[in-house]
Amino acid sequence: MIKSSIKYLAADRIRDLVEDNNQLLLVLNRFHIPFGFGDKTVGEICDERGIDCPTFLAIANLISGKRFSIDEIELPTLLSYLREAHSYILDFRLPDIRETLVSAVHQQRLDDVAVHIIKFFDEYADEVLSHMDYEDKTVFPYIEKLLKGIPTKDFKISDFASKHESVVSKLNELKDIFLQHYSMPNTRMLNRALFNISACGEDLVSHCEIENVILIPTVEALEKNVYTANHNQKAVVSSNQELSQREKDIIRLVAHGLANKEIADKLFLSFHTITTYRKNISAKLNIHSTAALTIYAILHGIVDPKEIELK
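A few points on the structure.

Analysis parameters
Residues numbered from 1 in each chain as written. Predicted model: local features only at pLDDT ≥ 70, side-chain atom pairs only at ≥ 80, totals over all residues. Heavy atoms only, no water. Helix = DSSP H or I, 4+ residues; strand = E, 2+ residues; numbered from the N terminus. Rg over C-alpha atoms; globule rule 2.2 N^0.38 Å. Buried < 20%, exposed > 50% of the residue type's maximum accessible area, 1.4 Å probe, protein only. Contact = heavy atoms within 4.5 Å. Areas by Shrake-Rupley, 256 points an atom, 1.4 Å probe, with all protein chains shown as cover. Lys, Arg positive; Asp, Glu negative; His and termini not counted. Charge placed at Lys NZ, Arg CZ, Asp CG, Glu CD. Phe/Tyr/Trp six-rings, centres within 6.5 Å; stacked < 30°, edge-to-face > 60°. Lys NZ or Arg CZ within 6 Å of the ring centre and 35° of its normal. Salt bridge = Lys/Arg side-chain N within 4 Å of Asp/Glu carboxyl O. Core = buried A, V, L, I, M, F, W, Y, C linked by side-chain atoms within 4.5 Å. Axes fitted to C-alpha atoms, helices over the stretch in contact; angles between N-to-C directions. Parallel < 35°, antiparallel > 145°, perpendicular 65-115°, else oblique. Left-handed = near helix turned anticlockwise from the far one by under 90°. Nonpolar A, V, L, I, M, F, W, Y, C, P; charged D, E, K, R; others polar. Arc of directions from axis to C-beta.

1. With respect to the overall build of the protein
Okay, so step 1: Helix and strand counts for the protein come out as 13 helices and zero strands.
Okay, so step 2: Of the regular secondary structure in the protein, the N- to C-terminal order runs α-α-α-α-α-α-α-α-α-α-α-α-α.
Okay, so step 3: Its C-alpha atoms give the protein a radius of gyration of 30 Å, clearly above 19 Å, the size a compact globule of 311 residues would have.
Okay, so step 4: Principal-axis analysis of the C-alpha atoms gives the protein an extent of 100 × 50 × 30 Å.
Okay, so step 5: Looking at the protein as a whole, 43% of its 311 residues qualify as buried.
Okay, so step 6: Sequence separation of 24 or more characterises 69% of the internal contacts of the protein that already satisfy a separation of 6 or more.
Okay, so step 7: Accessible surface, the protein: about 17200 Å² in total, of which carbon and sulfur atoms supply 52%.
Okay, so step 8: If you average the places of the 36 positive and of the 45 negative side-chain charges in the protein, the two averages end up 7 Å apart.

2. What to know about the environment of Asn225
Okay, so step 1: Tracing the backbone shows Asn225 in helix α9 (residues 188-242).
Okay, so step 2: Given the relative accessible area of 54%, Asn225 is considered exposed.
Okay, so step 3: Sequence separation between Asn225 and Val27 is 198 residues; the distance between their C-alpha atoms is 30 Å.

3. Overview of the packing of aromatic side chains
Okay, so step 1: For the coordinates displayed, the defined rule picks out eight aromatic pairs.
Okay, so step 2: Aromatic pair Phe121 and Tyr124: ring centres 6.5 Å apart, planes at 45 degrees, arrangement tilted. Within this pair, Phe121 and its partner Tyr124 are both found in helix α6 (residues 112-147), separated by three residues, close to a single helical turn. Each of the two residues, Phe121 as well as Tyr124, counts as buried.
Okay, so step 3: The rings of Phe31, Phe56 and Tyr81 are connected pair by pair, giving a single aromatic cluster.
Okay, so step 4: Looking at Lys156, its charged tip hangs above the ring of Tyr227, at a distance of 4.7 Å from the centre.

4. Regarding the environment of Ala125
Okay, so step 1: Looking at the element boundaries, Ala125 is found in helix α6.
Okay, so step 2: A relative accessible area of 17% places Ala125 in the buried class.
Okay, so step 3: Along the primary structure Ala125 and Ile89 are separated by 36 residues, whereas in three dimensions their C-alpha atoms are 9.7 Å apart.

5. Here we look at the pattern of salt bridges
Pairing between side chains of opposite charge can happen when their charged atoms approach one another.
Okay, so step 1: For the structure on display, the rule yields 13 salt bridges.
Okay, so step 2: With a shortest N-O distance of 2.9 Å, Arg13 and Asp16 are connected by a salt bridge.
Okay, so step 3: Look at the salt bridges and you will find they share partners, linking Arg13, Arg15, Asp16 and Asp39 into a network.

6. Focus: the environment of Glu74
Okay, so step 1: For Glu74, the position within the fold is in the loop between α4 (53-63) and α5 (75-108).
Okay, so step 2: Here the alpha-carbon distance between Glu74 and Glu202, two residues 128 residues apart in the chain, equals 25 Å.
Okay, so step 3: Other than its neighbours up to four places away in sequence, Glu74 contacts Asp52 and Thr55.

7. Re helix α10 (residues 245-255)
Okay, so step 1: Residues of α10 that are buried: Glu247, Asp249, Ile250, Ile251, Leu253, Val254 and Ala255.
Okay, so step 2: Looking one or two places after α10, you find Gly257, whose phi comes out positive at around 95 degrees.

8. Section: the nonpolar core
Okay, so step 1: Counting 43 residues, the largest nonpolar core has Phe56, Ile59, Leu78, Ile143, Ile210 and Leu215 as its most contacted members.
Okay, so step 2: Looking at this core, the elements with two or more residues in it are α1 (14-20), α2 (24-30), α3 (42-49), α4, α5, α6, α7 (157-162) and α9.
Okay, so step 3: When residues of this core are assigned to their parent elements, the largest contribution, eight residues, is made by α4.
Okay, so step 4: Ile143 has contacts with Leu75, Leu79, Leu215, Val219 and Leu222, leaving out every residue within four places of it along the chain.
Okay, so step 5: One finds Leu26, Tyr88, Val128 and Tyr182 within the second-largest nonpolar core, a separate group that totals 30 residues.

9. Considering the packing of helix α11 (residues 260-267) against helix α12 (residues 271-285)
Okay, so step 1: Here α11 crosses α12 at 115 degrees, and the two axes come no closer than 8 Å. With respect to α12, the axis of α11 lies roughly perpendicular. Of the two elements, α11 crosses α12, and the hand of that crossing is right-handed. Contacts between α11 and α12 involve Asn260, Lys261, Ile263, Ala264 and Leu267 from the former and Phe271, Ile274, Thr275 and Arg278 from the latter.
Okay, so step 2: The class makeup of the residues in the contact of α11 with α12 is five nonpolar, two polar and two charged.

10. Overview of helix α13 (residues 290-299)
Okay, so step 1: Among all positions in α13, only Leu293, Thr294, Tyr296 and Ala297 are buried. Around the axis of α13, the buried residues are gathered within 160 degrees of arc, so they sit on the same side.
Okay, so step 2: Looking one or two places after α13, you find Gly301, whose phi comes out positive at around 70 degrees.

In structure tokens:
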């Protein structure tokens, strides 16, 4: 029994989710969850199969029209699911529809209209292939680079989001041709073809929604983190390069534990000059404590860590 009508929970049994919405059979397939799960809960199955539970629940809840959260989405798990969906649609669903459609129209007549219908479907299948190929070869590899902390200058997820639309409209047009315009007997084969077209349409709509409301916002948040970290790293490198040799000498002596007066004597400069240098160094690096400045000096090769002791 589903414990909450608002959303599925980790404590709910897998079989109850499927009974509540049999479209979730596709989700189980794409997560490689085998049958025979008995009374095991979502959480138990996810633990057994190494599946990220929040990601599974987000997808299952979205497809079922329930509340979902994207706060804890694990992108590798989501990408794996989306790739499996692509494979299912391209390698199984669309070829099956074509085979059934060809059989249905051939049973009745092989006229110019029938030929154009098959051609229409083949062109549509090519569009779906192109759409998913772009995601597989451009979008998903970009996300995987981000997960490694590698930004890409010539692409952002907003480029994908701005032109990402459902590829189901033409499929609906094809169904409407039969329902409204192409007069032919409602055979079992044709009925099966139209049923499969409708099911594929629902699958494609859910797939597009998963990408729009789960994938894209999650990647946008990741982009922000990666680009901010990359900017900060560049800023640190840049500030290090902007340090004068005299400033580096002072940092080295600070790291060795010398006070400003001792540094002034060693460099034959006034105490006031050293104080001014220290203020400028702090402003450049946004580092104000001696301990942090010592760590900075070690990280950037200004001082050999073997020569000093961190305090």
